[in-house]
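Results of the structural survey
Each chain is listed here by its residues.
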Amino acid sequence: MTTDTTPTPPDDAHRRPHGLDDDTVAALGELSAALEIVEQARGFLYGFHRLTGKADLALGDAVESLRRAGHDEIADLLDRDLVGRNVAEGRWTYQLVEDYDDGYYAAFRDHEKNVRDSLADGKKHLFEAEMKEARRSHGRRHHEALPRETAVDLGSSTDGAVGPSA
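Quantities reported herein were computed from a predicted structural model and do not represent experimental measurements.

Moving on, we get to empty space enclosed by the protein. Evaluated as defined, the whole model comprises two cavities of 30 Å³ or more. Here the largest cavity is characterised by a volume of approximately 50 Å³. Lining the largest cavity are Leu28, Gly29, Ser32, Glu112, Arg116, Lys123, Lys124, His125, Leu126, Phe127 and Glu128. Counting only elements with at least two residues in the lining of the largest cavity, the list comes to α1 (22–68), α3 (93–120) and α4 (126–135).

Here it is as structure tokens:
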């Protein structure tokens, strides 16, 4: 079995621009990680929006069931006070989502992009790309630098066979 241990650099989109120092790459990695947390929070907000909407529809079904069971006064109270109620002053969840998307999320995303454009020619995930290069086993299947690199290109596979497998 032949194992090529010659490093294959990441593609140009993930290669550090000339002159960019380690501290800046690390700081950009931290900024990118912060944006990923905001992305996750945004997902939770959309989940909150969806679940709150489902809860309101389920509440409507419960109100109708209470009416059919002859509990009109209770059904009327729930219908009047809870069905369609705002979750925040004057707002349903879709309005919270829109405010988040158009405000904080858009500003955060724009600033992160502007910083990358300013410091790293707009390149994304430089810190992670360099970490991948440092951690992967060069020449091993499933440790390729790029999607187009294959075991045939590398001349080896994890089972020691050379060439494509059946």
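On we go.
A word on the layout of surface pockets. Reported here for the largest pocket is a volume of approximately 260 Å³. Lining the largest pocket are 14 residues, with Thr52, Gly53, Asp56, Arg85 and Trp92 positioned closest to its centre. With seven residues, α1 is the largest single contributor of residues to the lining of the largest pocket. Each residue belonging to the lining of the largest pocket can be placed in one class, and the counts come to seven nonpolar, five polar and two charged.

Criteria and thresholds
Residues numbered from 1 in each chain as written. Predicted model: local features only at pLDDT ≥ 70, side-chain atom pairs only at ≥ 80, totals over all residues. Heavy atoms only, no water. 1 Å grid on protein atoms, 1.4 Å probe; cavity = no way out; pocket = protein on both sides within 12 Å on 5 of 7 lines; lining within 4 Å. Points joined across faces, edges and corners; volume = space filled by probe spheres on them. Helix = DSSP H or I, 4+ residues; strand = E, 2+ residues; numbered from the N terminus. Nonpolar A, V, L, I, M, F, W, Y, C, P; charged D, E, K, R; others polar.

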